[in-house]
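Examination of the molecular architecture
Here is how the chains run, residue by residue.
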Amino acid sequence: SQQLGTVLTSRVSQYACQRRTTLDNRNKIFTDAFEVLVEHLEFSDSKGPCLAFKRAASVLKSLPSTLRHLGDADGLPCLGEHCRDVLEEIFECGKCSRVEDLMCNEKFRTMKLFTSVFGVGPKTAEKWYHRGLRTLQEVVSQPNVHLNKMQRAGLLYYRDISRGISRAEADAVGRIIAETMHCISPSATMTLTGGFRRGKAFGHDVDYILSTPESGAEEALLLRVIDRLRYQGILLYCDYQESTFDKERIPCRRFEAMDHFPKCFLILKLDAMTVEDGGLQNNPEDQRGWRAVRVDLVAPPADRYAYTLLGWTGSTQFERDLRRFARLERGMLLDNHALYDRNKSILLPAKTEEDIFAHLGLEYIEPWQRNA
Ligand code: TTP
Ligand code: MN
Ligand code: MN
Ligand code: MN
């Protein structure tokens, strides 16, 4: 096991963008525990320690084998005292008492339930909890709980949306959108991104980039796609975010999950007939013949396609570390729109993701190796 330690820890970078992390997580017992602690901290708005647990989980996900005892963690980056305490407890008892406590804590369980609704963040969940609400049924039947449009849709389609989307369902969604888009613009293209591009078998939504070679036409394209989906009667919900993109803007230092491209967050009605083989991920007693699916579409200008693809492929931890690496190791600023070289004071053009990795002096990491 002395040797195992050496194999595990040799050359493990502190940056997720210098690690290859597949979906084959050999340390799930530890990373699941860290992820519960992360969730708890996110509910209580403690960013600092939260990031430490996220980084620790991400390092463990990249390892080729399971940690056997605490000594195996020696020399691994991002595993500070708090993280090692958690590992130690799991080695000794098979579980972490703080995690066990949280899992049966009423507040934590309720916060988890409420934030699992599309459009509900920790603030709203907290408000509902303090009003004494404990179930979604109670939320829906309370006359004086104000719900915005997104939350109403989130609750209305909760059963469907909380059920995972299969790859076959994602592909069916892709065919519908591609067909719709090609009616409008035959030269437009569509790229699957997000978790499915990283090879996941299930997702909580489907993410697509729409792209047109005609510069400046992307926003109109997206609006027309939405119009046609509505006309087909399959648009159950649409939150359209218009472009606030400025091509001169330099990426900012702080990590921003949202970008400035025109985009929409949709709920679409997916007909069972359009899904190949597997059919719908519905309950057996569900005889509707359709389900609701969450779909995100983003339409960047053609010259920013590569940056958008890299940004939307994720994982979020991979993106965070790409930007941190760029800033701290290369003196560059990266986001979904651009890469800025602060030494040369220029924005670096990129046609492909490979171009961006090359600008950063990083080995190329395949999408399925970005599950950090
Ligand atoms: P998500 O769809 O939230 O996550 P995911 O596809 O990795 O996993 P899941 O199966 O749960 O859907 O986000 C996908 C990526 O898109 C993520 O890396 C963050 C990125 N993103 C942006 O970069 N800008 C945005 O404005 C939004 C909404 C997402
Ligand atoms: Mn997704
Ligand atoms: Mn999400
Ligand atoms: Mn998404």
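Below is a summary of the structure that appears in this document.

1. As for the packing of aromatic side chains
What the rule picks out here adds up to eight aromatic pairs. Their ring planes at 85° and their centres at 5.2 Å tell us that Tyr15 and Phe325 sit as a pair that is edge-to-face. Linking Tyr15 in the loop between helix H1 (2-9) and helix H2 (28-43) with Phe325 in helix H15 (residues 316-330), this pair joins segments that are 310 residues apart in sequence. With respect to class, Tyr15 is no different from Phe325; both count as buried. With 5.7 Å between their ring centres and 55° between their planes, Phe43 and Phe108 make a pair best called tilted. With Phe43 in helix H2 and Phe108 in helix H6 (residues 106-115), this residue pair connects regions lying 65 residues apart in the sequence. Relative accessible area serves as the criterion here: at 12%, Phe43 is assigned to the buried category. The ring of Tyr129 carries the charged tip of Arg134 above its face, separated from the ring centre by 3.7 Å.

2. A few points about the site of ligand 1
In the region of ligand 1, 17 residues are neighbours, and Gly195, His204, Asp205, Ala257 and Asn336 sit closest. Within the backbone of Gly195, one N or O atom sits 2.8 Å away from an oxygen atom of ligand 1. Between His204 and ligand 1, the recorded distance is 2.6 Å, taken from a side-chain N or O atom to an oxygen atom. Broken down by secondary-structure element, the contributors of at least two residues to the shell around ligand 1 are helix H12 (194-197), strand E6 (263-271) and helix H14 (305-313). Of the residues contributing to the shell around ligand 1, the split by class is four nonpolar, seven polar and six charged. Shared between two domains, the shell around ligand 1 takes at least three residues from each, and those domains are domain 3 (165-303) and domain 4 (308-369).

3. Regarding the sheet that holds E6
Read across the sheet, five strands follow the order E2-E4-E7-E6-E5 without closing on themselves; strand pairing throughout is mixed. Taken across any chain shown, the strands that pair with only one partner, and hence form the sheet edges, are strand E2 (189-193) and strand E5 (235-241). Across the sheet, the axes of successive neighbouring strands diverge by a mean angle of 30°, strand direction being ignored. The strands that helix H11 (residues 167-184) touches are E2, strand E4 (206-211), E6 and strand E7 (290-298); relative to E4, the one it contacts most, it runs at about 25°.

4. Digging into the side chain of Asn27
For Asn27, the position within the fold is in the loop between H1 and H2. If we ignore the near neighbours within four places in the chain, the residues touching Asn27 are Leu60, Leu63, Ser65, Thr66 and Leu67.

5. Remarks on the packing of H6 against helix H7 (residues 122-130)
At a minimum axis separation of 9 Å, H6 and H7 run at an interaxial angle of 125°. The orientation of H6 with respect to H7, classified from their angle, is oblique. H7 is crossed by H6, and the crossing has right-handed handedness. In this structure, H6 uses Glu106, Lys107, Thr110, Met111, Phe114 and Thr115 to contact H7, whose residues at the interface are Pro122, Ala125, Glu126, Trp128, Tyr129 and His130.

6. Concerning the packing of H11 against helix H13 (residues 218-231)
At a minimum axis distance of 9 Å, the contact between H11 and H13 shows a crossing angle of 115°. The handedness of the crossing between H11 and H13 is right-handed. Touching Ile176, Ile177, Thr180, Met181, Cys183 and Ile184 of H11 are Leu221, Arg224, Val225, Arg228 and Leu229, all from H13. Residue composition of the contact of H11 with H13, grouped by class: eight nonpolar, one polar and two charged.

7. Some words on the coordination of the manganese ion (ligand 4)
Protein ligation of the manganese ion (ligand 4) involves Asp205 (OD), Asp207 (OD) and Asp296 (OD), the donor distances falling in the range 2.1 Å. Between the manganese ion (ligand 4) and the manganese ion (ligand 2), both coordinated by Asp205, there is a metal-metal distance of 3.5 Å. One end of the pair, Asp205, is in the loop between strand E3 (202-203) and E4; the other, Asp296, is in strand E7, with 91 residues separating them in the sequence.

8. Considerations on the sheet that holds strand E8 (residues 332-334)
Strand order in this open sheet of three strands is E8-E9-E10, and the pairing throughout is antiparallel. The open sheet has two edge strands, E8 and strand E10 (346-347), and neither has a second partner. Pairing of strand E9 (residues 339-341) with E10 involves two bridges; the strand directions are antiparallel. Bridging across to E10, Tyr340 finds its partner in Leu347.

9. Details of unusual backbone geometry
In this structure, Ser315 follows Gly314 across a cis peptide bond, with omega equal to -10°. Position of Ser315 among the secondary structure elements: in the loop between H14 and H15. A positive phi angle is found at Asp45, which is not glycine, with a value near 65°. Note on placement: Asp45 falls in the loop between H2 and helix H3 (47-61). Residues other than glycine seldom take positive phi values, yet Ser345 does so here, at roughly 55°. Residue position: Ser345 is located in the loop between E9 and E10. The class for Ser345 is partly exposed, based on a relative accessible area of 47%.

How each quantity is defined
- Residues numbered from 1 in each chain as written.
- Chains lettered and ligands numbered in written order.
- Predicted model: local features only at pLDDT ≥ 70, side-chain atom pairs only at ≥ 80, totals over all residues.
- Heavy atoms only, no water.
- Phe/Tyr/Trp six-rings, centres within 6.5 Å; stacked < 30°, edge-to-face > 60°.
- Helix = DSSP H or I, 4+ residues; strand = E, 2+ residues; numbered from the N terminus.
- Buried < 20%, exposed > 50% of the residue type's maximum accessible area, 1.4 Å probe, protein only.
- Lys NZ or Arg CZ within 6 Å of the ring centre and 35° of its normal.
- Near = heavy atom within 4 Å.
- Polar contact = N/O pair within 3.5 Å; in protein donor to acceptor, adjacent residues only side chain to side chain.
- Nonpolar A, V, L, I, M, F, W, Y, C, P; charged D, E, K, R; others polar.
- Domains from an automatic or database assignment.
- Pairing = 2+ DSSP bridges.
- Axes fitted to C-alpha atoms, helices over the stretch in contact; angles between N-to-C directions.
- Contact = heavy atoms within 4.5 Å.
- Parallel < 35°, antiparallel > 145°, perpendicular 65-115°, else oblique.
- Left-handed = near helix turned anticlockwise from the far one by under 90°.
- Donors = N, O, S within 2.8 Å, 3.2 Å for Na, K, Ca; no water.

Distances and angles like these do not, on their own, reveal function.
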